[in-house]
Amino acid sequence: VQLQASGGGLVQAGESLRVSCTASGRTFGRSAEGWFRQAPGKEREFVVVVSRGGVRTDFADSVKGRFTISKDSGKNTLYLQMNSLVPEDTAVYYCAADSRASVVHSTKWWDYDSWGQGTQVTVSS
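As a starting point, this report considers the structure included with it. Keep in mind that this is a model prediction, so the values were computed, not measured.

For the structure shown, the criterion picks out 7 salt bridges. Ionic pairing is found between Arg 37 and Asp 89, a salt bridge with its closest N-O pair at 2.9 Å. Taken together, the residues Arg 37 in strand E4 (residues 33-38) and Asp 89 in the loop between strand E8 (77-82) and strand E9 (91-97) connect sequence positions 52 residues apart. One exposure class covers both Arg 37 and Asp 89, and it is buried.

What follows deals with the pairing of strand E3 (residues 17-24). Relative to E3, strand E1 (residues 2-6) runs antiparallel, the two sharing 5 bridges. Paired with Ala 5 across the strands is Cys 21, a residue of E3. Strand direction decides the pairing type here: E3 and E8, joined by 6 bridges, are antiparallel. Note that in E8 the partner of Leu 17 across the bridge is Met 82.

A word on the state of the cysteines. Taken as a whole and judged by the stated rule, the model has 1 disulfide. The partner cysteine of Cys 21 in its disulfide is Cys 95, sulfur to sulfur 2.1 Å. When the S-S torsion is 65°, as for the bridge of Cys 21 with Cys 95, the disulfide is right-handed. On the criterion of sequence distance, the pair formed by Cys 21 in strand E3 and Cys 95 in strand E9 is long-range, its members being 74 residues apart.

What counts, and at which threshold
- Residues numbered from 1 in each chain as written.
- Predicted model: local features only at pLDDT ≥ 70, side-chain atom pairs only at ≥ 80, totals over all residues.
- Heavy atoms only, no water.
- Salt bridge = Lys/Arg side-chain N within 4 Å of Asp/Glu carboxyl O.
- Helix = DSSP H or I, 4+ residues; strand = E, 2+ residues; numbered from the N terminus.
- Buried < 20%, exposed > 50% of the residue type's maximum accessible area, 1.4 Å probe, protein only.
- Pairing = 2+ DSSP bridges.
- Disulfide = S-S within 2.5 Å.

Okay, here's the thing in C-alpha cells:
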C-alpha cells in the first residue's frame, strides 16, 4: 500500500489550494482514511477523516466550512480542497489510511498505518 501526496505550495491568505493523494495497492473507501497536518513544533492533527465505507466524515473545527474532501474512484485519488486559507493552515499535509481496517472511524493519527510522504502548504499573510 503506497500513498503519494502532491499539490502543495505557497499561496496568500484567502486563496485556495487543492492537494491530492493517489493510492497504489488499495482502493479508497475500504478503510478509514483522511488528511492530517503537522506544523513546525506542533503535534500532528487531523484535518478531515472519512469512516470505513464513507458513511461519516468529520472535519476539524478549524477548517470546517472552508475545506472539503472528495474522491475520484477512477483515478484512485483522494482530494482535499482548501479554500479561504489562513496562515494558521501552514503545515505539511499528509494523507493517511488504516490499511489494517483496525478502526471504523478515528481522528487519532496513530490509528492510521499507511501514510503519504507529505506535501508542504504555506500560507502567507
